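# Descriptive analysis of the structure
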Amino acid sequence: MTDYKSGAEPLPVTFNRRELDTILRLYGRMVASGEWRDYALDHLREKAVFSAFRRTSEVPLYRIEKCPKNARRQGAFSVVAANGMILKRGHELETVLRVLDKKPKLVGI
């Protein structure tokens, strides 16, 4: 991706169509449940980041990151909480995103 001979800037990392579709399906479910209201998409030199917000003026609740340089070791995908803690990391996006799916809670009588 980097063309050092010509002196060109390296291309930014992006989500491909399938990855973006998976992320936006999760985003749609979270918006429908009232948990998320806005998002931001950043394509940087080292990683691509999808940030989910409860309100636009806040810090993101979660960041879904794709960092290709970690692909061989820990996996290219990770979910990061607002406090910076990595909640899940892995090679498959669908598996990593499961950490954000809310499990139904049983209520005792």
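Refer to the structure presented above.
Here the residue numbers are simple positions, counted from 1 along each chain's written sequence. For this predicted model, a pLDDT threshold of at least 70 governs which residues receive local features, and a threshold of 80 or more governs which side-chain atom pairs are given and counted, while totals over whole chains, interfaces and linings are taken from all residues. By convention in this description, side-chain values take in all heavy atoms of the structure and omit both hydrogens and water.

## Brief notes about the nonpolar core
This is how the line gets drawn: Here, nonpolar core means buried Ala, Val, Leu, Ile, Met, Phe, Trp, Tyr and Cys residues that are tied together by side-chain atoms lying within 4.5 Å of each other. Note on classification: 1.4 Å probe, protein chains only; a residue is buried when its accessible area is under 20% of the maximum for its type, exposed when over 50%, partly exposed between these limits. Numbering of helices and strands starts at the N terminus; helices are DSSP runs of H or I of at least 4 residues and strands are runs of E of at least 2. The contact criterion used is simple: two residues touch if any of their non-hydrogen atoms lie within 4.5 Å.
Trp 36, Ile 64, Leu 97 and Leu 100 are the most contacted members of the largest nonpolar core, which totals 19 residues. Mapped by element, the contributors of at least two residues to this core are α1 (17-32), β2 (48-53), β3 (62-66), β4 (77-81) and α2 (93-97). Element by element, the count of residues in this core is highest for α1, at 4 residues. Setting aside anything within four residues of it in sequence, one finds Leu 100 in contact with Leu 26, Met 30, Trp 36, Tyr 62, Ile 64 and Val 79.

## Some details on the sheet that holds β3
Here is the rule we go by: We call two strands paired when DSSP finds no fewer than two bridges between them. Note on geometry: axes are lines fitted to C-alpha atoms, helical ones only across the stretch in contact, with angles between N-to-C directions running from 0 to 180 degrees.
Taken in spatial order, the 5 strands of this open sheet run β1-β2-β3-β4-β5, and their pairing is antiparallel. At either margin of the open sheet sits one strand with a lone partner, and together these are β1 (38-43) and β5 (86-90). Shown here is a sheet whose adjacent strand axes are inclined to one another by a mean of 15°, direction ignored. Inspection of the sheet shows β4 paired to β5 by 4 bridges, in the antiparallel sense.

## Digging into a nonpolar patch on the surface
Cut-off, in case you're wondering: The patch calculation keeps residues exceeding 30% relative accessible area without a salt bridge and links them within 9 Å when they carry like charges or within 5 Å when they are nonpolar (Val, Leu, Ile, Met, Phe, Trp, Tyr). Here the accessible surface of atoms and residues is derived via Shrake-Rupley with a 1.4 Å probe, and residues count as covered only by protein chains that are part of the display. Salt bridges are counted wherever a side-chain nitrogen of Lys or Arg sits within 4 Å of a carboxyl oxygen of Asp or Glu.
A cluster of nonpolar residues, Leu 24, Tyr 39 and Leu 41, forms a patch on the protein surface that exposes about 230 Å² of accessible area. Residue position: Tyr 39 is located in strand β1.

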